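# Geometric and topological summary
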Amino acid sequence: MDDAYSWAKSLHIISVVAWMAGLFYLPRLFVYHTTAEIGSDKSETFKIMERRLLKAIMAPSMMATWIFGLWLVYLLDAYFDLWFLLKFSLVILMTIYHVMLSKHVTKFAQDQNKNSERYFRIINEIPTLLMVAIVFLVIFKP
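Residues numbered from 1 in each chain as written. Predicted model: local features only at pLDDT ≥ 70, side-chain atom pairs only at ≥ 80, totals over all residues. Heavy atoms only, no water.

### Some words on the overall build of the protein chain
For clarity, the threshold we go by: Working definition: helices are DSSP H or I runs of at least four residues, strands are E runs of at least two. Numbering for both runs from the N terminus. Only protein chains enter the accessibility calculation, which uses a 1.4 Å probe; a residue is then buried when its area is under 20% of its type maximum, exposed when over 50%, and partly exposed in between. Whether two residues touch is decided by their heavy atoms; if any such pair falls within 4.5 Å, the residues are in contact. Method for areas: the Shrake-Rupley scheme with a 1.4 Å probe, in which residue coverage is limited to the protein chains shown.
Check the secondary structure of the protein chain and you find 5 helices and 0 strands. Listing the helices and strands of the protein chain from first to last along the sequence gives α-α-α-α-α. C-alpha atoms of the protein chain, sized along the principal axes, occupy 55 × 25 × 15 Å. For the protein chain, with 142 residues in total, the buried portion stands at 36%. At a minimum sequence separation of 6, the contacts of the protein chain that also span at least 24 residues come to 79%. Of the roughly 8,500 Å² of accessible surface on the protein chain, 68% is carried by carbon and sulfur atoms.

Structural data, given as structure tokens:
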């Protein structure tokens, strides 16, 4: 059990770090992309960066986060612990946020973004709030 737990926890943390990096960075790319003229080299470069970040880093790390997190829950038998249920709810919100960002990637790829730079600056704070709450739940386990 100790060996499996150490592997699951390590892989979960690595996955979360990679996923969070993408959740922080992608909206920043959107902030700068909003200032690029449609059809410009700058805009096309942002499209490539956004797509690659989402497909090559964020999506795989999100899936790994879920897989290793659920493995941890199984090993800890924490299915009905309050801290886990709260954390699980917040991770679902983070996943919804991820899906929302992926829809923005599609909008930018189709040159159909209607959101402002300010909008993306504001939504860029969402993963920070979720992360803080999740870390406190994991550490203090209310």
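### Focus on the packing of aromatic side chains
Definition in use: Aromatic pairing here means that ring centres of Phe, Tyr or Trp (its six-membered ring) are within 6.5 Å. Orientation follows from the plane angle: under 30 degrees is stacked, over 60 is edge-to-face, and everything else is tilted. By definition here, charges over rings are those cases where NZ of Lys or CZ of Arg is within 6 Å of the ring centre and within 35 degrees of the ring normal.
What the rule picks out here adds up to 9 aromatic pairs. Looking at lysine 141, its charged tip hangs above the ring of tryptophan 83, at a distance of 4.8 Å from the centre.

### Focus: the layout of surface pockets
Where we set the bar: Here a cavity is any set of points on a 1 Å grid over the protein atoms alone where a 1.4 Å probe fits but cannot get out, and a pocket is any open set with protein on both sides within 12 Å along at least 5 of 7 lines; a residue lines the site when it has an atom within 4 Å of a point. Grid points are joined across faces, edges and corners, and a volume is the space filled by probe spheres set on the points.
The calculated volume of the largest pocket comes to roughly 700 Å³. Here the element with the most residues in the lining of the largest pocket is helix H1 (residues 2-33); it accounts for 8 residues.

### Remarks on the pattern of salt bridges
When their charged atoms lie close together, side chains carrying opposite charge are able to pair. Rules: Take a side-chain nitrogen of Lys or Arg and a carboxyl oxygen of Asp or Glu: if they are within 4 Å of each other, that pair is a salt bridge.
Inspection of every chain in the model, using the stated rule, returns 3 salt bridges. Between lysine 47 and glutamate 44 there is a salt bridge, and its shortest N-O distance comes to 2.9 Å. Placement of both lysine 47 and glutamate 44 in helix H2 (residues 41-76) is noted, with a separation of 3 residues, approximately one turn of the helix. What makes glutamate 44 partly exposed here is its relative accessible area of 33%. In this structure, lysine 47 engages aspartate 111 in a salt bridge whose closest nitrogen and oxygen atoms are separated by 2.8 Å. Residue lysine 47 is found in helix H2, and its partner aspartate 111 is found in the loop between helix H3 (82-109) and helix H4 (117-123); the two are separated by 64 residues along the sequence.

### Considering H2
Inclusion rule: Helices are assigned an expected span. That span is 1.5 Å times one less than the residue count. Fitting one axis to the seven residues ending at a residue and another to the seven starting there, the bend at that residue is the angle between the two axes.
With 36 residues, H2 ought to run about 52 Å at 1.5 Å a step, and its terminal C-alpha atoms sit 50 Å apart, in line with that. Along H2, the largest kink reaches about 35 degrees and is centred on leucine 54. Positioned one or two residues after H2, aspartate 77 has a phi angle of 50 degrees, which is positive.

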